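Chain and residue survey
Residues per chain, in single letters:
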Amino acid sequence: VELQDWQRVPHTLARWISPEEITAGLKCAADYMEKRFAQMQADRVKRWQGPDLYIIIDEYIDIKLRAEKAQRDIIRIACKGRAAGIHLVICTQRPTRQIIDGTIRACLPAVLALRCSNAQESRNLIDQSGAEKLPRYGSGLYLTPSAVGVQRVEIPYYSPEDIEKVISFWEKQA
């Protein structure tokens, strides 16, 4: 629901709703990743040189519950996709161990934790407590492999009007 306005952006390739669409879309993305790897091998390069592709999963629990077959492709893309210029943004309201399990967590190179319900959810995301103490809006804890420890970050608020201006701008660029 939160991302439906972004469908109007010319850069958006697809929107998947049903479990069948999610499964087929993620399989297509994983196959596309393999094609990029084949092209990289033919070009003898280690990193993709073309445009990047971002896959945004708005509520990860929906995929775990409704499209279980997509899990394999999510893990493949999370583990290998960065080198091929394919990136996953996975969002969830409840970052429990049942939702963000060890396999997917190990494949995510960077994590942004917003305010969590409790210290356990914070530890599941960033390997330490602290996100449960964040203010409700505007702050996050960011963990990346290149940083030493967790970094506190400020996150801007964009009103629906601001978002509409950005989307309208991109629509005019098409």
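By convention here, each chain's residues receive numbers from 1 onward along its written sequence. Only residues with pLDDT of at least 70 are given local features in this predicted model, and only at 80 or more are side-chain atom pairs given and counted; all residues enter the totals for whole chains, interfaces and linings. Values shown for side chains rest on all heavy atoms present in the structure; no hydrogens or waters enter the calculation.

1. Observations concerning helix H3 (residues 71–80)
Within H3 the residues assigned to the buried category are Gln-71, Asp-73, Ile-74, Ile-77 and Ala-78. When H3 is viewed along its axis, its buried side chains cluster within an angular range of 165 degrees and face the same direction. It only takes one pair of heavy atoms within 4.5 Å for two residues to be counted as in contact. Helical segments are the DSSP runs of H or I of at least four residues, strand segments are the runs of E of at least two, and each set is numbered from the N terminus. Buried positions along H3 lie against helix H1 (19–43), strand E1 (53–57), helix H2 (60–66), strand E2 (86–90) and helix H4 (102–107). Residue burial is assigned from relative accessible area. The probe radius is 1.4 Å, only protein chains are included, and a residue is buried under 20% of its type maximum, exposed over 50%, and partly exposed in between. What the arc measures is the spread of directions leading from the helix axis to the C-beta atoms.

2. Overview of the environment of Thr-92
Relative to the helices and strands, Thr-92 resides in the loop between E2 and H4. A C-alpha to C-alpha distance of 6.7 Å links Thr-92 and Ile-61, two positions 31 residues apart in sequence. If we ignore the near neighbours within four places in the chain, the residues touching Thr-92 are Asp-58, Glu-59, Tyr-60, Ile-99 and Ile-100. Looking at Thr-92, its side chain comes within polar contact range of the side chain of Glu-59, at 3.0 Å. In the analysis that follows, any N or O atom pair within 3.5 Å is treated as a polar contact, provided that within protein one partner can donate a hydrogen and the other can accept it, and provided that, for residues neighboring in sequence, both atoms belong to side chains. Polar contacts involving the side chain of Thr-92 include one to the main-chain amide nitrogen of Arg-94, which spans 3.3 Å.

3. A look at the nonpolar core
In this structure, Leu-26, Ile-55, Ile-63, Ile-74 and Ile-77 are the most contacted members of the largest nonpolar core, which totals 24 residues. Among the elements of the structure, H1, E1, H2, H3, E2 and H4 are those that each provide at least two residues to this core. Of the residues forming this core, the biggest block, six residues, is contributed by H1. Excluding anything up to four places from it in sequence, Ile-74 contacts Leu-26, Ile-57, Tyr-60, Ile-63, Leu-88, Ile-90 and Ile-104. What we call a nonpolar core is a set of buried Ala, Val, Leu, Ile, Met, Phe, Trp, Tyr and Cys residues that are connected through their side-chain atoms within 4.5 Å. The next biggest cluster of nonpolar side chains, apart from the first, holds nine residues, and it includes Ala-131, Leu-134, Leu-141 and Leu-143.

4. Considerations on the pairing of strand E4 (residues 139–143)
Of all five residues in E4, four are buried; the element is thus mostly enclosed. By the bridge criterion, three bridges tie strand E3 (residues 111–113) to E4 in an arrangement that is antiparallel. Across the sheet, residue Val-111 finds its bridge partner in E4, namely Leu-143. With four bridges joining them, E4 and strand E5 (residues 151–154) adopt antiparallel strand pairing. Counterpart to Gly-140 in the pairing with E5 is Val-153. Two strands pair if DSSP finds at least two bridges between them.

5. Considering the pattern of salt bridges
In what follows, salt bridge is the name for a side-chain nitrogen of Lys or Arg lying within 4 Å of a carboxyl oxygen of Asp or Glu. Within the structure shown, the criterion is met by nine salt bridges. With a shortest N-O distance of 3.1 Å, Asp-73 and Arg-76 are connected by a salt bridge. With a gap of three residues between them, Asp-73 and Arg-76 both fall in helix H3, about one helical turn apart. Among the ionic contacts, a cluster of salt bridges with common partners joins Glu-34, Asp-73, Arg-76 and Lys-80.

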